[in-house]
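Residue-level structure breakdown
Residues per chain are reported as follows:
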Amino acid sequence: MPKFLTAQAKEGLSTVAKTNMKNAAKLTVKKMAEELITYGLGKAEEELLKQILAAIENNVNKGIADDVKSNLEKGELGLLVDSIILSHVDEEQLQDLLRDKDRKTKLLNIFTELSKNAVQPFYADLSLQNKLNSSFHGVIDKALEELAEEEVKGKATGFLTSIKLVHMGALAAEATAAVLSLSSKFFQNLQEQLTTFKKDHLSEEKLKHQSPQDTEMLKEFKQELADTISNLMAAALVEVFHQKFSSHLVSWMQSKAHGVITQHVRSGLKTDRTEELLRAGQNNSYIKHMPVDQDLKRHPAKEASESLKTHAEKIKDANTPGNILDIRVLSETTGTKVVLLTENSQGKLTKMQQVHPNTNPASQEVTLIYRPKSVKYPDGHYDVLINNHTVSINSKDKSCLFHALARGMNPDASEVEISKKADDLRHSEADTLLKEPDKWEPFVKRKEWTDAIRGGDWYMAEGAMSNTEKETLRREVGKVELYSTWKQHAQNNPGLGQLINADHQPPVSCILNIEQSNQSELAKAMLKVATGSSNPDKNAIDEAKKYHGLKLPTVYVPAEIHRDFLSTTSPKFREFLIESIQQNDVVGTF
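An account of the accompanying structure is given in this report. (Residues numbered from 1 in each chain as written. Predicted model: local features only at pLDDT ≥ 70, side-chain atom pairs only at ≥ 80, totals over all residues. Heavy atoms only, no water.)

**Focus: the overall build of the chain**
The line we're drawing: Secondary structure is summarised from DSSP: a helix means a run of H or I of at least four residues, a strand means a run of E of at least two, and numbering begins at the N terminus for each. Contact criterion: two residues are considered in contact whenever any of their non-hydrogen atoms come within 4.5 Å of each other.
What the chain contains, in helices and strands, is 25 helices and eight strands. Counting contacts in the chain only where the partners sit at least 6 residues apart, residues at least 24 apart contribute 75% of the total.

What follows is the structure, encoded as structure tokens:
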């Protein structure tokens, strides 16, 4: 990469260098977006889980409050609580104790600490944990089953939302039942804690008789104490559930989900496409700038690969168009520096890229003008600039590159001489490749990789599109018209289909291929639009299929982007779309 960048810096900010940098910057931004989105989704899941756990805790608290209160008011446990409270009365006035905020808080803290000790088995006893966790299995499994049926399994947020919206009540009920089934163990522990505390710290209670007002205040204190204990028990249950079950489940779900989410994000941002374009640009830079290996002693001579042989054979054919690889080989073979120009958006010639020999100093310089692929030039076209004047190349075959090089090398030669020179250049390149396969193998391989990338020659067209084509894209992209209107428009403007496609939204097949029986209202409405009939029969549907939905709306999009649309590339997408239409889900469909 340093070699590429150094070479590009030497030739200045050419169109290709700028485009390489632009795609590198775009890729960086997209990678950052992927990370941030995935991070944000993870945070959203965690926040949603917190809400669910808080809701469970709240419901459990309410569900067990009466049970806790009942246990504090009866039997030996109730007597112990009363005994500890009364032991703190100094002057036989319970009201004074419970009205003093500081003294009341200290008393409440004693019970709170003892209750915390009693609740520890919820955390420490594995058998209790298993009992807690097992009580949730039915609810969780049901949520996962429904998610699987909706074909969105693996998305943690969807899973958690399913619990929150559909199963919260059941989950809270299960949690409450789990606590109640374990409460006897808790109250047994609490009673032991209270007994030990009383024995170690307290004398006998001083107040033997209570007034009605004392009884009422004691009841209020016990209610406050019951609330505190309920909170502790609910928090313990939820914490165990989270630590031993839900956190692991969500972690697993997130790992599955983020793979799916990242793929969707990458697809939406077209990160893969940007990576491809950058890779094509790197290959292009390699072909232009990488020094030819002269130290053949390090490499034993080897026979040319099939790829190299194929390229050498094809390049001798006058109907094989030339490309950047051919320019590089001929630059080295003939000692020629080749400068490529193209028209910018203002119609002025600007440097696109340049190729120069690295084995020996250049003995001559040729400046070519590249015309990007279009209806007029399906394979692109090369003219030559001589003395600041454009000389048009009108070769009958696809040898314009070789004719342009020949003309640039010998401006005063006759057409016959130029034609012969162009043919000689083709054969000279083929001979060079076959004689020195070790040198040229990496370059041919790079070109092969580039050709495997859709639109791999983007660097030849980027920044080189004609003003007319750019204006057409600016004017047409985003229009929404009936398909019949597009057909007429494309017919009146030859070549428009090379730049623009009219994409049906929804796809024609998603409307016309829905089963006729038991159709939803949405499906019927779409079918009426597609056929132009208020009561479409089989003939009307067949007619719409035959002419590919002339009455349906389309959106005008660049031809290359159209090939990336989900509705074009993913059969599964169309299945989902048909399902949404059949379910009468208007929002889901659109």
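**Notes on the environment of serine 399**
Cut-off, in case you're wondering: Relative accessible area decides the class of each residue, using a 1.4 Å probe on protein chains only: under 20% of the type maximum gives buried, over 50% gives exposed, and in between gives partly exposed.
Tracing the backbone through its elements, the reader meets serine 399 in the loop between strand E5 (389-391) and helix H12 (400-409). Residue class for serine 399 comes out buried when judged on its relative accessible area of 4%. Separated by 20 residues in sequence, serine 399 and serine 419 place their C-alpha atoms 9.0 Å apart.

**Let's talk about the nonpolar core**
Convention followed: In these notes, a set of buried Ala, Val, Leu, Ile, Met, Phe, Trp, Tyr and Cys residues joined through side-chain atoms within 4.5 Å is what counts as a nonpolar core.
One finds Ile327, Leu368, Tyr382 and Leu405 to be the most contacted residues of the largest nonpolar core, which totals 41 residues. If one sorts the elements of this core by residue count, H12 sits on top with seven residues. Those residues in contact with isoleucine 327 that lie beyond four places of it in its chain are Val338, Leu340, Val355, Tyr382 and Leu401. Ranked by size, the runner-up nonpolar core spans 36 residues in total, among them Val68, Val81, Leu107 and Phe186.

**Describing H12**
For H12, the tally of buried residues reaches 10 of 10 residues, placing the bulk of the element in the interior. Listed as buried for H12 are Cys400, Leu401, Phe402, His403, Ala404, Leu405, Ala406, Arg407, Gly408 and Met409.

**What about the pairing of strand E3 (residues 364-371)?**
Here is the rule we go by: Strands are treated as partners if at least two bridges between them are detected by DSSP.
Both strand E1 (residues 336-343) and E3 contribute to a ladder of six bridges, which runs parallel. Within E3, the position partnered with valine 338 by the bridge is valine 366. Looking at chain direction, E3 and strand E4 (residues 381-386) are connected through five bridges and run antiparallel. Note on E4: the bridge partner recorded for arginine 371 is histidine 381.

**A look at the sheet that holds strand E2 (residues 349-355)**
Heads up, the rule is: As a rule, the C-alpha atoms of each element are fitted with a line to give its axis, helices using only the stretch in contact, and angles between N-to-C directions run from 0 to 180 degrees.
On the basis of which strands lie adjacent, the open sheet formed by five strands has the order E2-E1-E3-E4-E5 and mixed pairing. The open sheet terminates on both sides in strands that have one partner only, identified here as E2 and E5. When the angles between neighbouring strand axes are averaged without regard to direction, this sheet yields 35°. With six bridges joining them, E1 and E2 adopt antiparallel strand pairing. Considered in E2, the bridge of leucine 340 is made with glutamine 353.

**What to know about the environment of tyrosine 377**
The topology assignment puts tyrosine 377 in the loop between E3 and E4. Among all residues touching tyrosine 377, those that are not within four sequence positions of it are Arg371 and Pro372.

**Re the sheet that holds strand E6 (residues 480-482)**
Overall, antiparallel pairing links the three strands, which are arranged E6-E8-E7 in an open sheet. Each having just a single partner strand, E6 and strand E7 (500-504) make up the two edges of the open sheet. The sheet shows a mean angle of 45° between the axes of neighbouring strands, taken without regard to direction. Pairing analysis gives five bridges linking E7 to strand E8 (residues 553-558), with the strands arranged antiparallel. Note that in E8 the partner of asparagine 501 across the bridge is valine 557. Its contacts with the sheet put helix H17 (residues 483-492) on E6, E7 and E8, and the angle it makes with E6 is roughly 95°.

**A word on the pattern of salt bridges**
Spelled out, the test is: Each reported salt bridge corresponds to a side-chain nitrogen of Lys or Arg within 4 Å of a carboxyl oxygen of Asp or Glu.
Throughout the structure, instances matching the rule amount to 13 salt bridges. With a closest N to O distance of 3.0 Å, arginine 328 and glutamate 332 form a salt bridge. Here glutamate 332 and arginine 328 lie together in helix H11 (residues 324-334), a separation of four residues that amounts to about one turn. Glutamate 332 matches arginine 328 in its accessibility class, with the two residues each being buried. Note that glutamate 476 and lysine 479 form a salt bridge whose closest N and O atoms lie 3.4 Å from each other. Connected through salt bridges with shared partners, the residues Arg475, Glu476 and Lys479 form a single ionic network.

**Topic: the packing of H11 against H12**
We count it as follows: Oblique is the label for every angle not falling under 35 degrees (roughly parallel), over 145 degrees (roughly antiparallel), or within 65 to 115 degrees (roughly perpendicular). Note on convention: near helix rotated counterclockwise from far helix by under a right angle means a left-handed crossing. Clockwise means right-handed. Throughout this entry, Asp, Glu, Lys and Arg are counted as charged residues, while Ala, Val, Leu, Ile, Met, Phe, Trp, Tyr, Cys and Pro are counted as nonpolar. The remaining residues, Gly among them, count as polar.
Where H11 contacts H12, the axes come no closer than 12 Å and their chain directions differ by 30°. Relative to H12, the element H11 is oriented roughly parallel. Handedness of the H11/H12 crossing: right-handed. Contacts between H11 and H12 involve Asp326, Ile327, Leu330 and Thr334 from the first element and Leu401, Phe402, Leu405 and Met409 from the second. Of the residues belonging to the contact of H11 with H12, the class tally is six nonpolar, one polar and one charged.

**What about unusual backbone geometry?**
Note that the residue after glutamine 505, namely proline 506, is joined by a cis bond; omega there is 0°. Assignment of secondary structure puts proline 506 in the loop between E7 and helix H19 (508-512). A positive phi angle, close to 65°, is found at asparagine 388, a residue other than glycine. Tracing the sequence through the fold places asparagine 388 in the loop between E4 and E5.

**So, helix H24 (residues 571-582)**
Inclusion rule: One less than the number of residues in a helix, times 1.5 Å, gives the span that helix is expected to have. Arc definition: directions from the helix axis to the C-beta atoms.
With 12 residues, H24 should reach 16 Å at 1.5 Å per residue; the first-to-last C-alpha distance of 17 Å fits that figure. The complete set of buried residues in H24 reads Leu577, Ser580 and Ile581. The buried residues of H24 occupy an angular sector of 100° when projected down its axis, which confines them to one face. The inward-facing, buried residues of H24 contact H19, helix H20 (521-531) and helix H25 (586-589). Looking one or two places after H24, you find asparagine 584, whose phi comes out positive at around 65°.

**A few points about the packing of H11 against helix H14 (residues 437-452)**
In the contact formed by H11 and H14, the axes pass within 10 Å of each other and the chain directions differ by 160°. In terms of axis orientation, H11 runs roughly antiparallel to H14. Crossing of H11 over H14 shows right-handed handedness. The segment H11 lies against H14, with Leu325, Arg328, Val329 and Glu332 engaging Trp440, Phe443, Val444 and Lys447.

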